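# Examination of the molecular architecture
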Amino acid sequence: MKFMRGLARWSRLKQRSGALMRIARALRVFVPMLGDVTAGRYRPVPWAACGWMTAAVAYLIMPFDIIPDFLMLIGVIDDVFIVGWLLTRVDHSLAPYRRWKGIDPPDAVP
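These numbers were taken from a predicted model, which means no experiment stands behind them.

## A short note on the overall build of the protein chain
What the protein chain contains, in helices and strands, is four helices and zero strands. Within the protein chain, the fraction of its 110 residues that count as buried is 28%. Across the protein chain, the fraction of contacts at a sequence separation of at least 24, relative to all contacts at a separation of at least 6, is 57%. Approximately 7900 Å² of the protein chain is accessible, and the part contributed by carbon and sulfur atoms is 72%.

The structure is reproduced here in structure tokens:
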């Protein structure tokens, strides 16, 4: 029984670390992608990634949230979860660019 609980914790931790890695990769790859798009080196323009990133930045800047930030801890936690989810969507949308750039192997599945 104790082994099964430990295994379940490990699985949750592994899933969360994967999401954190996708968020970090999205932030690292997005700006160089914008440079390649504006210079004309990469086409088609990944509009979905741009839209998801715009939504993430807008959610952070907007004074209106699902849970207001004046509810200290809970208000900030909802920002972290929603922006994190949006950044994983950015990472998913950048998969073709990462393959083109050689960051991901050509046979990688997003």
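## Overview of the UniProt feature "transmembrane region" (unreviewed entry) in the protein chain
Per the UniProt entry, the sites bearing "transmembrane region" (unreviewed entry) are residues 45–64 and 70–88 in this numbering. As annotated, residues 45–64 has a helix share of 75% and a strand share of 0%, and its two end C-alpha atoms lie 30 Å apart.

## Things to note about the confidence of the model for the protein chain
Overall, the predicted model of the protein chain reaches an average pLDDT of 81, with 79% of residues at or above 70. Across the protein chain, the secondary-structure element scoring lowest on mean pLDDT is helix H1 (residues 2–39), at 75, and the one scoring highest is helix H4 (residues 95–101), at 92.

## Overview of the packing of helix H2 (residues 47–61) against helix H3 (residues 72–93)
In the contact formed by H2 and H3, the axes pass within 8 Å of each other and the chain directions differ by 165°. As summarised for this structure, H2 and H3 are arranged roughly antiparallel, according to the angle between their axes. The handedness of the crossing between H2 and H3 comes out as left-handed. Across from Ala48, Ala49, Trp52, Met53, Ala55, Ala56, Tyr59 and Leu60 in H2, the residues of H3 making contact are Asp78, Asp79, Ile82, Val83, Trp85, Leu86, Leu87, Arg89, Val90 and Ser93.

How each quantity is defined
- Residues numbered from 1 in each chain as written.
- Predicted model: local features only at pLDDT ≥ 70, side-chain atom pairs only at ≥ 80, totals over all residues.
- Heavy atoms only, no water.
- Helix = DSSP H or I, 4+ residues; strand = E, 2+ residues; numbered from the N terminus.
- Buried < 20%, exposed > 50% of the residue type's maximum accessible area, 1.4 Å probe, protein only.
- Contact = heavy atoms within 4.5 Å.
- Areas by Shrake-Rupley, 256 points an atom, 1.4 Å probe, with all protein chains shown as cover.
- UniProt positions renumbered as here; feature names shortened; annotations may be inferred.
- pLDDT = per-residue confidence, 0-100.
- Axes fitted to C-alpha atoms, helices over the stretch in contact; angles between N-to-C directions.
- Parallel < 35°, antiparallel > 145°, perpendicular 65-115°, else oblique.
- Left-handed = near helix turned anticlockwise from the far one by under 90°.

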